[in-house]
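# Secondary and tertiary structure notes
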Amino acid sequence: MIKVNFDPKVDVERATKILKEIAKDKMGGWFSLPKKYDMGELVRIKEAAKKIQDESEILVCIGIGGSYLGHRAIIEALRPKSSVKIVFAGNSLSRRELDHALRMVGDHDFSVNVISKSGTTLEPAVAFGAFKKKLIEKYGEEEAYQRIYATTDRKQGALHDEAVACGYTRFVVPDNIGGRYSVLTAVGMLPLAVARVDIDKLLEGAADAASESAETAVKYGFMRHELGSKGYDTEVFASFEPSTMYFNEWLKQLFGESEGKDKQGVWPAAVVYSTDLHSLGQFMQDGRRDLWETIIDYPTDEMNAKVVQAVKIAHLQGGIPVLTITPSSFDERGFGELIYFFELACAVSAKLFGVNPFDQPGVEAYKNELNKLINV
């Protein structure tokens, strides 16, 4: 169960209305997902993961944004022991990074999980083209296609059509769950299972949060809105475990894409202490007072616990509001709790700011301009 150190005033009538809106939203499928998971899909995910583990040394996960950050965050944090190394690609347009990923694969046996609802997002499309070519050169076309796992739209799109034509193993990006809310779908669950993350415990943790921590998540949403309305326009997510850096990145996407609309929302930033106390620590202690700090207090070792305590005291004395969110454990169950908790809190917070938590119209602006420049 998630524990917190704050108790804002919650308008119960408004909160109830918001929760009903989220549950009924056409993109609110994640809301009930932990309790209504498609167990047949889960079996298929585990079977595919076993096949990949049996025949590959490397799984190349190709995706960007919500098709990448969530599962990478959990893998990086938990560092599970697996015979298969996960290599991430397709999350930038840097040729240097793509060449580096290709070199990492080298002559190893490998498979590819390409994750894209449309199949036309430029970054993963470029990377997929390069790794598909490498697969064909190494194994021949027939076996290469058996090593490609496409997580994409159920019925349509460029990647869907290619997967059907070539016989790739397919998994579905649900129509009613957007990318940044999709960690617990096949988007995240296949690579997590390959990495030997216990996906059953991950789902159990999310289900526990849906049952036991939903009220607390609503309080956090109201607390964020209260602080934002008082002029605190930056939230700094602070963790004390270096391996959780990518979880911070997932939080930045979740809140940034969900709230940053119509000139509304709170800017999400992140730090990892104690490292960043020796770089951003000065600003946090004595800089502008238009920010607050949300500490994710993972159960940790004694020394780190003392650092957490010292930071809370110092920053409160420095005039920063400090919120603390504590998961029950630093394992699959604990991260399942956090995923659902933050998804719900984010949706509530965005609704309080008066924006749609589930679209991202601003993301298309740079894509349109880029397509003009490269004549797509």
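Above this note sits the structure.
What you are looking at is a predicted structure, and each value in this text was computed from that prediction instead of being measured. (Residues numbered from 1 in each chain as written. Predicted model: local features only at pLDDT ≥ 70, side-chain atom pairs only at ≥ 80, totals over all residues. Heavy atoms only, no water.)

Time to look at the packing of helix H4 (residues 95-105) against helix H5 (residues 122-139). With their axes 11 Å apart at the nearest point, H4 and H5 run at an angle of 30° to one another. As far as their axial angle goes, H5 and H4 are roughly parallel. Considering how the two elements wind past one another, H4 and H5 form a crossing that is right-handed. Listed contacts from H5 to Leu 98, Ala 101, Leu 102 and Val 105 of H4 are Val 126, Ala 127, Ala 130, Phe 131 and Lys 134. When the residues that make up the contact of H4 with H5 are grouped by side-chain class, the tally is eight nonpolar, no polar and one charged. (Axes fitted to C-alpha atoms, helices over the stretch in contact; angles between N-to-C directions. Helix = DSSP H or I, 4+ residues; strand = E, 2+ residues; numbered from the N terminus. Parallel < 35°, antiparallel > 145°, perpendicular 65-115°, else oblique. Left-handed = near helix turned anticlockwise from the far one by under 90°. Contact = heavy atoms within 4.5 Å. Nonpolar A, V, L, I, M, F, W, Y, C, P; charged D, E, K, R; others polar.)

Under the definition given, this model contains 26 aromatic pairs. Among the aromatic residues, ring-to-ring pairing joins Phe 6, Tyr 220, Phe 237, Phe 247, Trp 250, Phe 255, Tyr 298, Phe 330, Phe 335, Phe 341 and Phe 342 into one connected group. For Arg 147, the ring lying beneath its charged end belongs to Tyr 139, and the centroid distance is 4.0 Å. (Phe/Tyr/Trp six-rings, centres within 6.5 Å; stacked < 30°, edge-to-face > 60°. Lys NZ or Arg CZ within 6 Å of the ring centre and 35° of its normal.)

As enumerated under the stated definition, the model contains zero disulfides in all. The structure places no disulfide on Cys 61, whose sulfur is separated from the nearest cysteine sulfur, that of Cys 166, by 20 Å. Its relative accessible area of 24% is what places Cys 166 among the partly exposed residues. (Disulfide = S-S within 2.5 Å. Buried < 20%, exposed > 50% of the residue type's maximum accessible area, 1.4 Å probe, protein only.)

Our focus in this paragraph is the sheet that holds strand S4 (residues 110-115). Strand order in the open sheet formed by five strands is S3-S2-S4-S5-S6, with parallel pairing between adjacent strands. Whereas interior strands pair on both sides, the edge strands pair on one side only; in this sheet they are strand S3 (85-89) and strand S6 (169-172). Across this sheet, the average inter-strand angle for adjacent strands is 20°, counted without regard to direction. As defined by bridge partners, strand S5 (residues 148-152) adjoins S6 across four bridges and the pair is classed as parallel. Bridge pairing links Thr 152 to Val 172 in S6. Taken strand by strand, H4 contacts strand S2 (58-62), S3 and S4, and its axis lies near 160° from that of S3. Most of the contacts of helix H7 (residues 158-166) go to S5, to which it runs at about 145°, and overall it touches S4, S5 and S6. (Pairing = 2+ DSSP bridges.)

This next bit is on the pattern of salt bridges. Tallying each qualifying case throughout the model produces 24 salt bridges. The partner of Asp 359 in a salt bridge is Lys 261, with the nearest N and O atoms 2.9 Å apart. Pair noted here: Asp 359 is in the loop between helix H14 (332-352) and helix H15 (363-373) and Lys 261 is in the loop between helix H11 (245-259) and strand S8 (267-272), with a separation of 98 residues, a long-range link. The class of Asp 359 is partly exposed, set by a relative accessible area of 29%. Classification of Lys 261 as buried rests on a relative accessible area of 9%. What emerges from the salt-bridge pattern is a single network uniting Lys 17, Glu 21 and Lys 351. (Salt bridge = Lys/Arg side-chain N within 4 Å of Asp/Glu carboxyl O.)

Pairing is mixed in the open sheet, where five strands are placed in the order S1-S10-S9-S7-S8. Strands with a single pairing partner mark the edges of an open sheet, and in this sheet they are strand S1 (3-4) and S8. Bridging between S1 and strand S10 (residues 322-326) involves two bridges; their strand directions are antiparallel. Considered in S10, the bridge of Lys 3 is made with Thr 326.

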